[in-house]
Amino acid sequence: MSACFICNKHAGDLPASNLKIYEDEYVYAGHIDRDGQPNYLGHIMIDLKRHAASLADMTMEEARSFGMMMTKLSKALKDSEQAEHIYAYVMGDAVPHLHMHLVPRYPGTPKEHWGPNAVYDWNAAPMGEENEVYNLCARIKQHLENYNE
Ligand SMILES: [Zn+2]
């Protein structure tokens, strides 16, 4: 076992593989998992598979795959889930292994709840149970096939 949470996640069988949306040799994309707690619908993470800390550490091959996924997932969140905007951020303070958060903002979100964290605090935020999250992942997967490279 490595000391890295993300390396470990990709080393074994993922317990919640229904949350997986995409994987190739460079990147993995899936919906976040809050251990059975309702999830903000559409909060997706793109992980670099290799252990590297930041956007600056990717090879160009990795960057091509990572960037493509960033755009395809954002398109899918708009086309399939009617998101009006996609927030994207890389933190990495807690886990020094590159992963990017994509957080959709849905129509009707009050201005005071705009922002990738603030959307969570809106009392009408679209929180979903496991089943809804799985269905969302399936829809996103379908949409990914619509976008040509
Ligand atoms: Zn790692």
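Cut-offs and rules
- All residue numbers refer to position in the chain's written sequence, counted from 1.
- Thresholds applied to this predicted model are a pLDDT of at least 70 for local features of residues and 80 or more for the giving and counting of side-chain atom pairs; totals over whole chains, interfaces and linings are not thresholded and use all residues.
- Note that water and hydrogens are dropped before the side-chain values are worked out from all heavy atoms of the structure.
- Only nitrogen, oxygen and sulfur atoms qualify as donors, and only when within 2.8 Å of the metal (3.2 Å in the case of Na, K and Ca); with water excluded, sites may look incomplete.
- When four donors show all angles between 85 and 135 degrees the site is tetrahedral, when four or six donors have opposite pairs over 155 degrees and all other angles between 65 and 115 it is square planar or octahedral respectively, and in every other case it is irregular.
- Each helix is a run of DSSP H or I of at least 4 residues and each strand a run of E of at least 2, with the numbering of both proceeding from the N terminus.
- Like-charged residues within 9 Å of one another, or nonpolar side chains (Val, Leu, Ile, Met, Phe, Trp, Tyr) within 5 Å, are grouped into patches, provided each residue has over 30% relative accessible area and no salt bridge.
- The accessible surface values rely on the Shrake-Rupley method and a 1.4 Å probe; as for residues, cover is taken only from the protein chains in view.
- Salt bridge, as applied in this entry: a Lys or Arg side-chain nitrogen positioned within 4 Å of an Asp or Glu carboxyl oxygen.
- Charge counting treats Lys and Arg as positive and Asp and Glu as negative, with His and both chain ends excluded.
- Just so you know, the charge point we use is NZ for Lys, CZ for Arg, CG for Asp and CD for Glu.
- Polar contacts here mean pairs of N or O atoms no more than 3.5 Å apart (in protein, one a potential hydrogen donor and the other a potential acceptor; neighbouring residues in sequence count only if both atoms are side-chain atoms).
- Helices are assigned an expected span. That span is 1.5 Å times one less than the residue count.
- Exposed residues in this analysis have more than 50% of their type's maximum accessible area, buried residues have under 20%, and partly exposed residues fall in between, with area computed by a 1.4 Å probe over protein chains only.
- Working definition: the arc comes from the directions between the helix axis and the C-beta atoms, pointing outward to the latter.
- In this description, contact between two residues means that some pair of their heavy atoms is separated by no more than 4.5 Å.

Chemist: Account for the coordination of the zinc ion, with residues named and values stated.
Modeler: Coordination of the zinc ion by the protein involves C4 (SG), C7 (SG), H51 (ND1) and H97 (ND1), with metal-donor separations of 2.0 to 2.3 Å. One can describe the donor arrangement at the zinc ion as tetrahedral, given that its four donor atoms subtend angles of 103 to 116° at the metal. The sequence pattern describing where the donors of the zinc ion fall on their chain is C-x2-C-x43-H-x45-H. With C4 in the segment before α1 (5-11) and H51 in the loop between β4 (44-48) and α2 (60-81), this residue pair connects regions lying 47 residues apart in the sequence.

Chemist: Account for a negative patch on the surface, naming residues and giving values.
Modeler: On the surface, D33, D35, E129, E130 and E132 cluster together into a patch of negative charge. Here E130 shows up in helix α3 (residues 130-144).

Chemist: Outline the side chain of H113, supporting the account with residue identities and numerical values.
Modeler: Its place among the elements puts H113 in the loop between β6 (99-105) and β7 (127-128). At 3.2 Å, the side chain of H113 forms a polar contact with the backbone oxygen of A118. Here W122 takes part through its backbone nitrogen, which lies 3.5 Å from a polar atom of the side chain of H113.

Chemist: So what's going on with α3? Which residues, and what values?
Modeler: The end-to-end C-alpha distance of α3, which contains 15 residues, comes to 21 Å, matching closely the 21 Å that a straight helix rising 1.5 Å per residue would cover. Inspection of α3 places V133, L136, C137, I140 and L144 among the buried residues, and these make up the whole buried set. Relative to the axis of α3, the buried residues are bounded by an arc of 100° and lie together on one face. Exposed side chains of α3 directed beyond 90 degrees from the buried face belong to N131 and Q142. Elements in contact with the buried residues of α3: β1 (20-23), β2 (27-31), β3 (39-40), α2 and β7.

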